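# Descriptive structure summary
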Amino acid sequence: MNRPSGPAVDRAESGEPKRQLRRAMDARHLVMIALGGVIGSGLFLSSGYTIAQAGPLGAVLAYLLGAFVVWLVMVCLGELAVTYPVSGSIHIYAARTMGPATGFATAWLYWLCWVVALGSEFTASGILMQRWFPNVDVWVWCVVFAAVLFTLNAISARVFGETEFWFALIKVLAIVALIVLGGMAIFGFTPLSSEPHEAVLLSNFVTPEGLLPAGLGGVLITSLAVFYAFSGAEIVGVAAGETKDPARNIPRALRSTVLRLLVLFVGSIVVIAALLPYDKAGVSESPFVEVFDIVGVPYAADIMNFVVITALLSVGNSGLYSCARMLFSLAEEGYAPRAFTKLTRRGIPMVALLVSLAIGLVSLITSVVAAETVYIVLVSIAGFAAVAVWMAIVAAQFFHRRQFLREGGDLSTLAYRTPMYPLVPILAFLLLTASIVAIAFDPNQVAALYFGIPFVGLCYLFFWLRYGRKGTVPERRDEEAPVA
């Protein structure tokens, strides 16, 4: 059968790839990398605001919807990631199934999304460090954290995966502690507290305005932010090129990631919504701190400050990894400077890593000197990209399977198959499209459309002018990867 192909895919499927990253990560690394990319300040700091916007039950419904959409996207991603197990493969999927220009636009959207995130994660971490070191400027911590994340990414893929595993584990343990101790407090058991607390059960879910104080509209508007909060789970696909036995480990990682996100996110929202009055949740500080205070955890504020800093650095760590692999993959395809394919002896794309970190620091600078111009444009495009990339993944799976069947492919030969095709990709695409359309009715997010759609258009225009409709690139000699 004449399957879609390309430089990176051909090398990945050949017996002796000429230029490759090292396959050093297991399923447990993939799961924690995905959790590390997802679990950040959105859950630890902003979940109380989400409850206040939609009401307790509304917030739970919004997170359940978000988890459902994540499942739809991830089962589509599974089939693609096993078929094309190459680094930065999200744009490979789009290029092989919908054309190289779409792959090019997807890659730059995803890269910019994470580059902007780098700057914001560094800044937020520096601000939080001032709780303990008020006399040290924020920019000093930004430089320190940037150096730490660069070092972790520059040593080897396995070191990155191992450190991200422990980064993410700290966050997961904090969430599990909230669910367990908070769940006990709901029924009146607070063994760590010196003061007795009555069982609240689900009384806080019944508000003076009813079960859904903001109506279904509040749930839908909140779901937009929830989709963004879940973005990062797709990093499993980006890491496919550095995963041992991808046909076995990628599906395992996808299933584990979705299940854990469902339990951790929805579980913590249920506990927070049950213990805190919805009109006061997260108004003054992290709802995690408020819950830990209720259950009697000593030094709750300091513990959560440490956890949130860890969460931010974990997201930044995953983001820097994704940026470097995306540039490497683009260069492999011939759509970025060949220097980005240069690997160290440990298989790290060093030039791509350095450039991504440098642009991330530029994003940080613009957040200070051009917050209302350049930075708002970058943030808006990044927010738009989070959903647009998911749309590209599910569309790619739809067209990939259709082409596979049209060319006489046998489904039994696929190591992983997206269930309920074509319902799953179609439903996912419709739900994601609805969230994009709904942005137009939210004054706080409409800028994402103003800048995101023109950015995509410029990507297509540049690609067609530079490479033509078919994406023809100059011939390259099939040689060994340059080694730094």
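What comes next is a walk through the structure. (Residues numbered from 1 in each chain as written. Predicted model: local features only at pLDDT ≥ 70, side-chain atom pairs only at ≥ 80, totals over all residues. Heavy atoms only, no water.)

Once that is clear, we can look at helix α14 (residues 300-333). With 34 residues, α14 extends 49 Å from end C-alpha to end C-alpha; this agrees with the ideal 50 Å at 1.5 Å per step. With respect to burial, α14 is a largely interior element, 30 of its 34 residues being buried. A positive phi of about 95 degrees marks glycine 334, the residue just after α14. (Helix = DSSP H or I, 4+ residues; strand = E, 2+ residues; numbered from the N terminus. Expected span 1.5 Å × (residues − 1). Buried < 20%, exposed > 50% of the residue type's maximum accessible area, 1.4 Å probe, protein only.)

The N-to-C vectors of helix α4 (residues 47-54) and helix α5 (residues 56-83) enclose an angle of 115 degrees; their axes lie 6 Å apart at closest approach. As α4 runs across α5, the sense of the crossing is right-handed. Between α4, through Thr50, Ile51 and Ala54, and α5, the contact on the second element is made entirely by Pro56, Gly58, Ala59 and Tyr63. By residue class, the composition of the contact of α4 with α5 is five nonpolar, two polar and no charged. (Axes fitted to C-alpha atoms, helices over the stretch in contact; angles between N-to-C directions. Left-handed = near helix turned anticlockwise from the far one by under 90°. Contact = heavy atoms within 4.5 Å. Nonpolar A, V, L, I, M, F, W, Y, C, P; charged D, E, K, R; others polar.)

On inspection of all chains with the given rule, the structure shows three salt bridges. Close ionic contact of glutamate 79 with arginine 401 constitutes a salt bridge, the shortest N to O distance being 2.6 Å. Taken together, the residues span a long stretch of sequence, with glutamate 79 in helix α5 and arginine 401 in helix α16 (residues 374-406) at a distance of 322 residues. Here glutamate 79 falls in the buried class, since its relative accessible area comes to 0%. Relative accessible area serves as the criterion here: at 5%, arginine 401 is assigned to the buried category. The residue arginine 96 makes a salt bridge to glutamate 333 at a minimum N-O spacing of 2.7 Å. In this pair, arginine 96 is assigned in helix α6 (residues 90-98) and glutamate 333 in helix α14, connecting sequence segments 237 residues apart. For the pair formed by arginine 96 and glutamate 333, the shared burial category is buried. (Salt bridge = Lys/Arg side-chain N within 4 Å of Asp/Glu carboxyl O.)

Before going further, it helps to examine unusual backbone geometry. Leave glycine aside and you will find that most residues have negative phi; peptide bonds, for their part, are mostly trans. The amide bond that connects tyrosine 421 to the next residue, proline 422, takes the cis arrangement and shows omega of 5 degrees. The residue proline 422 is located in the loop between α16 and α17 (423-439) in this model. Non-glycine residue tyrosine 299 carries a positive phi angle of around 55 degrees. Tracing the sequence through the fold places tyrosine 299 in the loop between α13 (287-295) and α14. Judged by relative accessible area, tyrosine 299 falls into the exposed class, the value being 66%. Even without glycine at this site, methionine 420 takes up a positive phi of about 50 degrees.

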